[in-house]
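So you can see what is in the structure, the chains are spelled out below.
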Amino acid sequence: MILARVIGTVVSSQKSTKIEGIKFLLLEKIDPVTMKGKGDYVVSMDSVGAGPGEIVFYVSGSSARMTNVTEGKPSDSTIIAIVDFIEKDGVYTFQKNRE
Amino acid sequence: MILARVIGTVVSSQKSTKIEGIKFLLLEKIDPVTMKGKGDYVVSMDSVGAGPGEIVFYVSGSSARMTNVTEGKPSDSTIIAIVDFIEKDGVYTFQKNRE
Amino acid sequence: MILARVIGTVVSSQKSTKIEGIKFLLLEKIDPVTMKGKGDYVVSMDSVGAGPGEIVFYVSGSSARMTNVTEGKPSDSTIIAIVDFIEKDGVYTFQKNRE
Amino acid sequence: MILARVIGTVVSSQKSTKIEGIKFLLLEKIDPVTMKGKGDYVVSMDSVGAGPGEIVFYVSGSSARMTNVTEGKPSDSTIIAIVDFIEKDGVYTFQKNRE
Amino acid sequence: MILARVIGTVVSSQKSTKIEGIKFLLLEKIDPVTMKGKGDYVVSMDSVGAGPGEIVFYVSGSSARMTNVTEGKPSDSTIIAIVDFIEKDGVYTFQKNRE
């Protein structure tokens, strides 16, 4: 899974009928040590109610269909967790409520 | 899913029988913040009637077979949505009718 | 799917029994705007009778098994179309018989 | 599979119900010749009890669901082995107990 | 499939029970025109009895499970062929017994 920050939303009215009602979030991948954005973006289906600014991780490939929200749907990227904290070598590089 | 602009068409008469009648669009991946093309291209099967110049997102991998058009077909890239707008940090970086 | 030029052949006598009798072509990925090779290579199983110098596109991942030739076989890259022409913004960047 | 070093942990309370109870480790990919980190990170589900500092390899894609721990779960990266040693051209580039 | 040279071995005693008895080879991807290593490495499960120094190609993704050795196992990279020769534009860039 890859760590990313929710930075926006993508809206489409003309789309595959299978993805009606699903929310598409725009994510920027981050470096989990510096927590800086990498300028690399992906559109992800949301299965956990993630909001703007939150750090999440998403799952790619066929496993993106393994959530209750995306089962049988054409997703190759689904957010499966909102991150509380990231610990590296015993030090927090990120804590949700202290950012 | 990855955001891209429809920039052309690829035509083939000698092809796998399973993909007869499917439209192959040439896409250029875009940076969704600047909306500029990245010089990186992919051939995508169309499941939504996308046309030249439109901003779309496509799905990769086995999920590219999860649309009514591509079920059971050898696609690893299928357009599943035409984008109306992209919003980043509360500001539109793209609106379909104002481009 | 990715556009590429057939530049050679790879031959193996000691291989998985499942891929006996299949032709392995060496492909160089191309930039579909300039039609130049990118110096990036892949070995692809042929399902359409492609020959040296031809422009093709191949499918990756599990969809590489979705042709009559590769069903159930360990392919992650299968040629599914020989390209007749590529059109970008109304102009041909490639036509098979005029190259 | 890709070689990496366990460098930390990612914790989430709001996540897909399917991944409750699974440990998410932060991995840094390594160059197996120099054993240096590549500054490229991935969040991986642990199926073998890996700990901080250990060299592991993880499996990506649908095969990340092929362990007893991750079966049916939305994983695209699962640690499947803790590495004892890496041998290149007859010389050890890594031995677990001598690092 | 991607061309690579077998450069070493990876050994693990603490691993997923499903991959007991399988040999893990360390591969360096090569440029099939110059035959030089690219400094890019992958751990691959062996299904053909490949040895050190040999040129092979491996299959990625779910197709890595489509050999007799790796069926149902968590592999995302399996060697499926030892290469005898590579021909590019009518000239051999590699012949096994003349290297």
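The written sequence of each chain sets the order in which its residues are numbered from 1. Ligands are numbered from 1 and chains lettered from A, in the order in which they are written. Note on the predicted model: pLDDT of at least 70 is required for a residue's local features to be given, and 80 or more for side-chain atom pairs to be given and counted; whole-chain, interface and lining totals, by contrast, use all residues. Side-chain numbers here rest on the full set of heavy atoms in the structure, without hydrogens or water.

So, about the pairing of strand 1 (residues 2-11) of chain C. Of all ten residues that make up strand 1 of chain C, seven are buried, and the element is covered over most of its length. The pairing criterion for strands is at least two bridges between them, as found by DSSP. Numbered from the N terminus, helices here are DSSP runs of H or I no shorter than four residues, and strands are runs of E no shorter than two. One ladder, built from four bridges, connects strand 1 of chain C with strand 5 (residues 55-60) of chain C; its direction is antiparallel. Each bridged residue has a counterpart across the sheet, and for isoleucine 2 of chain C the counterpart in strand 5 of chain C is tyrosine 58 of chain C. By the bridge criterion, six bridges tie strand 1 of chain C to strand 3 (residues 24-30) of chain C in an arrangement that is antiparallel. Of the residues in strand 3 of chain C, the one forming a bridge with valine 10 of chain C is phenylalanine 24 of chain C. As judged from the four bridges shared by strand 1 of chain C and strand 7 (residues 85-88) of chain E, these two strands associate in the antiparallel manner. Among the inter-strand pairings, threonine 9 of chain C is bridged to a residue of strand 7 of chain E, identified as glutamate 87 of chain E. Each residue gets one of three labels from its accessible area relative to the maximum for its type: buried under 20%, exposed over 50%, partly exposed in between, using a 1.4 Å probe on protein chains only.

What follows covers the relation of the copies chain A and chain B. Superposing copies: least-squares fit, C-alpha atoms only, residues required to have pLDDT of at least 70 in both. Take chain A, turn it by 72 degrees, move it 0.0 Å along the axis, and it overlays chain B with an RMSD of 0.0 Å. In symmetry terms, the pair is related by a five-fold rotation axis. Pairs of residues are marked as contacts when any of their non-hydrogen atoms sit within 4.5 Å. Of all interface residues in chain A, a mere 3% are interface residues in chain B too; the two copies therefore contact each other through different surfaces.

Aligned on chain A, chain D shows an RMSD of 0.0 Å; the corresponding rotation is 72 degrees and the shift along the axis is 0.0 Å. Little of the interface of chain D is mirrored in chain A: 3% of its interface residues are interface residues there too.

Before going further, it helps to spend a moment on the interface of chain D and chain A. Of the residues lining the interface, 29 residues belong to chain D; the matching set on chain A comes to 28 residues. The quantity reported as buried area is the accessible area (1.4 Å probe) lost by two parts once they are put together, taken as the sum for both. Both faces combined, the contact of chain D with chain A buries some 2300 Å², and carbon together with sulfur accounts for 54% of it. Only one rule defines a salt bridge in this text: a Lys or Arg side-chain nitrogen within 4 Å of an Asp or Glu carboxyl oxygen. Scanning the region where chain D abuts chain A turns up zero salt bridges. Two N or O atoms count as a polar contact when they lie within 3.5 Å, although within protein this holds only if one can serve as hydrogen donor and the other as acceptor, and sequence-adjacent residues are included solely when both atoms are side-chain atoms. Where chain D meets chain A, there are 16 residue pairs in polar contact (both at pLDDT 80 or more). Of all the elements in the fold, those that place two or more residues in the side of chain D that touches chain A are strand 1 (2-11), strand 2 (14-15), strand 3 (24-30) and strand 4 (37-46) of chain D.

Time to look at the interface of chain A and chain B. Many structure descriptions define interface size as the accessible area lost when the parts assemble. Across the boundary between the two partners, chain A contributes 29 residues, which contact 28 residues of chain B. On the surface where chain A and chain B come into contact, there are zero salt bridges. Counting across the chain A and chain B interface gives 16 residue pairs in polar contact (both at pLDDT 80 or more). When residues of the side of chain A that touches chain B are traced back to their parent elements, those giving at least two are strand 1 (2-11), strand 2 (14-15), strand 3 (24-30) and strand 4 (37-46) of chain A. The element contributing the most residues to the side of chain A that touches chain B is strand 4 of chain A, with six residues. The class makeup of the residues in the side of chain A that touches chain B is eleven nonpolar, twelve polar and six charged. Three classes are used: nonpolar for Ala, Val, Leu, Ile, Met, Phe, Trp, Tyr, Cys and Pro, charged for Asp, Glu, Lys and Arg, and polar for all others, with Gly counted as polar.

Quick look at the packing of aromatic side chains now. All names here are of chain B. Classification of ring pairs rests on two measures: the distance between centres of Phe, Tyr or Trp rings, Trp counted by its six-membered ring, which must be within 6.5 Å, and the angle between planes, read as stacked under 30 degrees, edge-to-face over 60 and tilted in between. Scanning the model with the defined rule gives ten aromatic pairs over all chains in all. Here phenylalanine 85 and tyrosine 92 contribute two aromatic rings whose centre-to-centre distance is 4.8 Å and whose plane-to-plane angle is 70 degrees, an arrangement assigned as edge-to-face. Exposure remark for phenylalanine 85: the relative accessible area of 25% places this residue in the partly exposed category. Overall, tyrosine 92 belongs to the partly exposed group, its relative accessible area being 44%.

This paragraph deals with the side chain of aspartate 84 of chain E. Considering the arrangement of structural elements, one finds aspartate 84 of chain E in the loop between strand 6 (77-82) and strand 7. One buried charged side chain, aspartate 84 of chain E, makes no salt bridge at all; its nearest oppositely charged neighbour is lysine 96 of chain E, positioned 4.9 Å away. Among the polar contacts made by the side chain of aspartate 84 of chain E, one reaches the side chain of serine 13 of chain C at a distance of 2.7 Å. Apart from residues lying up to four places away in sequence, aspartate 84 of chain E is in contact with Val11, Ser12 and Ser13 of chain C together with Phe94, Gln95 and Lys96 of chain E. His is not counted, nor are the chain ends, whereas Lys and Arg count as positive and Asp and Glu as negative.

Now for the confidence of the model for chain A. Interpreting fine coordinate detail is not advised for predicted regions of low pLDDT. Note on scores: pLDDT gives the predictor's confidence for each residue, bounded by 0 and 100. Looking at chain A as a whole, its pLDDT mean stands at 96, while 99% of the residues score no less than 70. For this predicted complex, the interface score ipTM comes out at 0.97, alongside a pTM of 0.97.

On to the environment of glycine 49 of chain B, then. Relative to the helices and strands, glycine 49 of chain B resides in the loop between strand 4 (37-46) and strand 5 (55-60). Sequence separation between glycine 49 of chain B and leucine 25 of chain B is 24 residues, and the spatial gap between their C-alpha atoms is 10 Å. Residues in contact with glycine 49 of chain B, not counting those within four places in the same chain, are Gln14 of chain A together with Glu54 and Ile82 of chain B.

This part takes up unusual backbone geometry. Residue and element names in this part refer to chain A. For aspartate 89, which is not a glycine, the phi torsion comes out positive at approximately 50 degrees. Tracing the sequence through the fold places aspartate 89 in the loop between strand 7 (85-88) and strand 8 (91-95). Judged by relative accessible area, aspartate 89 falls into the exposed class, the value being 55%.

Summed over the entire model, instances satisfying the criterion amount to 15 salt bridges over all chains. With a shortest N-O distance of 3.0 Å, lysine 96 of chain A and glutamate 54 of chain A are connected by a salt bridge. Of this pair, lysine 96 of chain A sits in the segment after strand 8 while glutamate 54 of chain A sits in the loop between strand 4 and strand 5 (55-60); the two residues are 42 residues apart in sequence, bridging distant segments of the chain. Aspartate 40 of chain D is paired through a salt bridge with lysine 29 of chain D; the nearest N and O atoms lie 3.3 Å apart. With aspartate 40 of chain D in strand 4 and lysine 29 of chain D in strand 3, this pair connects stretches of sequence that are eleven residues apart. On the accessibility criterion, aspartate 40 of chain D (30% relative accessible area) is partly exposed.

Let's shift gears to the pairing of strand 5 (residues 55-60) of chain D. Residue and element names in this part refer to chain D. Burial within strand 5 is extensive, with five of its six residues counted as buried. Where strand 5 meets strand 6 (residues 77-82), five bridges bridge the pair, whose relative direction is antiparallel. Following the sheet pairing, valine 59 is matched in strand 6 by threonine 78.

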